[in-house]
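Fold and contact review
What follows is the residue order along each chain.
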Amino acid sequence: MTVNLVQEFEYTSKFISCVSVNNSFVFSTDNGLLIVDIQSDLFRPSMDYKVFRTSIPFSKEKPFEDKNFNEIRFQTPVVCQEHNLTVYPNSRNWHVIYMGNNSNIVFLEKNNNKWIEKLSDIPQKWFLIVSKKPCFVIDKKNLNIFKTENRILYYCREKENSLQIKNFVFTHTLKHENETEVYGTICCHSNNMLTFWSTSSEKSFFLKEFEFHTVSIKHIKWFQISSELFWLVVSLTNGQVYVHEILNYPNVHCTFILWPDEDFACVKNIRVESISNDKCLIFFTKMSFVLVMLYSLSEKQILSTKKEMIPKTAIIPGFTIVLEKNLLILVTDVGKFICMYFSAIKSEVTFTLKIVNNNFSEQVQNYTCTSVVFSKNECICVLTFQCNIAKYSKNDGHVKNKLLFCTIPENLVELEKKILSINDCDYDNVIDCIETLRINRMDDTLDKVCQLDRKSLDKLSIQHLKFTYWNIAFKIKKNEHDENVLQELQMLLHTRHMISYFSNKKKKFKKEDQYYCRTMLSYYMNKLSVEYVQVKVDAAKLIGSFTGAKHTYFCNTCKRILLSFTDFRMFVCEQEHKELRCPVTLGPLGMPSLVCSMCFTMANVNAENQSCVWCFGKYVPNKLLF
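The structure displayed is predicted, hence computed values, not measured ones.

Some points on the nonpolar core
- Formed by 107 residues in total, the largest nonpolar core has its most connected members in Phe27, Phe337, Phe360 and Leu383.
- Of the residues forming this core, the biggest block, 10 residues, is contributed by helix 8 (residues 480-502).
- If sequence neighbours within four positions are ignored, phenylalanine 27 has contacts with Phe15, Ser17, Cys18, Gly32, Leu33, Leu34, Val36, Leu85, Val373, Val382, Thr384 and Leu403.
- Counting residues in each nonpolar core, the second largest holds 20 residues, with Ile225, Val267, Cys280 and Tyr295 among its members.

Regarding the packing of helix 8 against helix 10 (residues 533-545)
- Between helix 8 and helix 10, whose axes approach to 10 Å, the crossing angle comes to 45°. Classified by the angle their axes make, helix 8 and helix 10 are oblique. Where helix 8 crosses over helix 10, the two elements pack in a sense that is left-handed. In contact with Leu492, Thr495, Arg496, Met498, Ile499 and Phe502 of helix 8, helix 10 contributes Val535, Asp538, Ala539 and Leu542.
- Among the residues forming the contact of helix 8 with helix 10, the class breakdown is seven nonpolar, one polar and two charged.

Looking at the sheet that holds strand 21 (residues 279-286)
- Read across the open sheet, the four strands follow the order 20-21-22-23; overall the sheet is antiparallel. Sheet topology places strand 20 (267-274) and strand 23 (301-309) at the edges, where each strand pairs with a single neighbour. Here the strands of the sheet are splayed against their neighbours by 15° on average, with no regard to which way each runs.
- As paired strands, strand 21 and strand 22 (residues 289-296) are joined by eight bridges and run antiparallel to one another. Bridge pairing in strand 22 places lysine 286 opposite phenylalanine 289.

Observations regarding the sheet that holds strand 14 (residues 193-200)
- Taken together, four strands build an open sheet; the order of strands is 12-13-14-15 and the sheet is antiparallel. Every other strand in the sheet has two partners, leaving strand 12 (165-177) and strand 15 (203-211) as the edge strands with one partner each. This sheet shows a mean twist of 20° between the axes of neighbouring strands, independent of strand direction.

As for helix 5 (residues 431-442)
- Compared with the 16 Å implied by 1.5 Å per residue over 12 residues, the 16 Å span of helix 5 between its first and last C-alpha is a close match.
- Burial runs high along helix 5: 12 of the 12 residues are buried.
- Taken together, the buried residues of helix 5 touch strand 1 (2-11), strand 4 (32-38), strand 29 (380-387), strand 30 (401-407), helix 4 (415-420) and helix 7 (462-473).

Here we look at the confidence of the model for the protein chain
- Taken as a whole, the protein chain shows an average pLDDT of 83; of its residues, 85% reach a score of 70 or greater.
- In this model residues 136-140 is a low-confidence stretch, pLDDT under 50, and it forms 14 contacts with partners more than four residues away in sequence or in other chains.

Overview of the pattern of salt bridges
- By the definition in use, this model includes 19 salt bridges.
- The shortest N-O distance in the salt bridge between lysine 300 and glutamate 245 comes to 3.1 Å. Of the two residues, lysine 300 sits in the loop between strand 22 and strand 23 while glutamate 245 sits in strand 18 (residues 241-248), which places them 55 residues apart along the sequence.
- By relative accessible area, which is 1% here, glutamate 245 ends up buried.
- Taken together, the shared-partner salt bridges in this structure form one network comprising Asp41, Arg44, Lys50, Glu435 and Arg438.

A word on the pairing of strand 18
- Within strand 18, six of the eight residues are buried, which leaves the element mostly enclosed by the surrounding structure.
- In terms of strand pairing, strand 17 (residues 230-236) meets strand 18 through six bridges, oriented antiparallel. Bridging from a neighbouring strand, leucine 232 pairs with histidine 244 of strand 18.
- Hairpin geometry of strand 17 and strand 18 is characterised by an intervening segment of four residues between the two adjacent antiparallel strands and by a positive phi of about 100° at glycine 239.
- Note: strand 18 against strand 19 (residues 251-259), seven bridges, orientation antiparallel. Bridge pairing in strand 19 links valine 243 to phenylalanine 256.
- The hairpin turn running from strand 18 into strand 19, its antiparallel successor, is two residues long.

Rules used in this analysis
Residues numbered from 1 in each chain as written. Predicted model: local features only at pLDDT ≥ 70, side-chain atom pairs only at ≥ 80, totals over all residues. Heavy atoms only, no water. Core = buried A, V, L, I, M, F, W, Y, C linked by side-chain atoms within 4.5 Å. Buried < 20%, exposed > 50% of the residue type's maximum accessible area, 1.4 Å probe, protein only. Helix = DSSP H or I, 4+ residues; strand = E, 2+ residues; numbered from the N terminus. Contact = heavy atoms within 4.5 Å. Axes fitted to C-alpha atoms, helices over the stretch in contact; angles between N-to-C directions. Parallel < 35°, antiparallel > 145°, perpendicular 65-115°, else oblique. Left-handed = near helix turned anticlockwise from the far one by under 90°. Nonpolar A, V, L, I, M, F, W, Y, C, P; charged D, E, K, R; others polar. Pairing = 2+ DSSP bridges. Expected span 1.5 Å × (residues − 1). pLDDT = per-residue confidence, 0-100. Salt bridge = Lys/Arg side-chain N within 4 Å of Asp/Glu carboxyl O.

What follows is the structure, encoded as structure tokens:
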């Protein structure tokens, strides 16, 4: 069981933080944002990912006028710090949000493949007003203390700095207004005050303040425990962890301490997962320690706490949880992967550790893993490595940092289950799974003979047939038996597609389309094995319903009549003139045409928004022909 390195990129930039959104990874660097899009391409001959890298510099925010003191104030450069990079949760829109050191929250929205930058109105409208309140600035008794306007200006700036935002977090979707998702935004200020906002796109409205006077806050996290209960987890610089329970946003119902020890080990990663209506598991890491807590929601107390130290590790930069497997996948600072299998029985938590090998230890001998991000379905991960060789002069600047793209072993993730759970239009949700499947099969050196269980295939869904088909098609070295199996699966897939497509009573088909379907199905009926009983029965019913459809197709080259059709790919006349056919409608392809976004199979424009006959892609306009 090995974590395999797929691709490696080198950068001079220093990686600070990273997040995963849809089929992309977003990294904050000291120069700006690096966005890596993964796009599936099933016919790609190599085992690497097809990625598109986009670099976006940090916002060059314009200066603003401070009308209170009649001067122009220039804002400082934007620095994206750790835990200050996020995305809208559960949003269909592309929104990447980061925060600058001047408390501006910046929204990046993807529109027509271009990034539009929008600044939030959260900070300036609030903390500039609060810092200049009479009770904050001066009163009449202390008026003599401030002899000049400059002293008042300096005092206001100091108050303003104490109110700046240093962390923020977005909640779940609160409601929808005019087809726009409305979120809650919780900001943590330098004076440890929490402010609650309602955010729609880049527009925000202030709701409430919450004073949390304790040791300095490191970062905050938001978790949805149930449909009504939410946790705001607050990690402090002294190592303590608090939880604010919220039942009705933005009101804090109660506060309790999750980790009371002042060990001055800051929490690096934290996750809360509900395992039942009454219990939840809490995972977090401190330096080289992993802590697992079992919390009872009804009893309002921690039932069990377990901790484990990972040897030869200074810090754990990231982890992910695969609930289907009761598995926690940890990544150490040297790039080592460790599996923690956990179970919660009654009021006790138990776990076992297992080290997973990797094939990239030589590439990172002089590097330290600083952050880890996993794809949506936990089957792909990206590790950021920073060179740990000391630099003694400017000439040492040639040493670069690294991004490593890796695949997680199939037995650790529900790869097949997640691919088969998609419907016709949601293939975007499993591109990382399909890419992992493609790479694993291309790297498969075992020469296994594929035995078809035709009685089982006869009852499988179209999606399952596609999965079976591409499992074999991805192999680089295919023998003659594999080619025969693929040809049989291709006929079976096309037969099932036609039965599904032409049995739709809501659609009206032309006589020539019915004729094409009848002749094509008749050809497949003679080719398919007798063991496909149900498929043949369904095909015979459809053929019987189209017996009245008559059509003769004329070759476009010699104008001869085509009386038979034996290939779904093309029409071939007696003079062997060929013309492309659409695999969906079975009619002439024509120009312009559509193309599958994954396997590049061409289709008629009438098949727009249809799922591909052969794979998990959908037909989109062919950019070369439009």
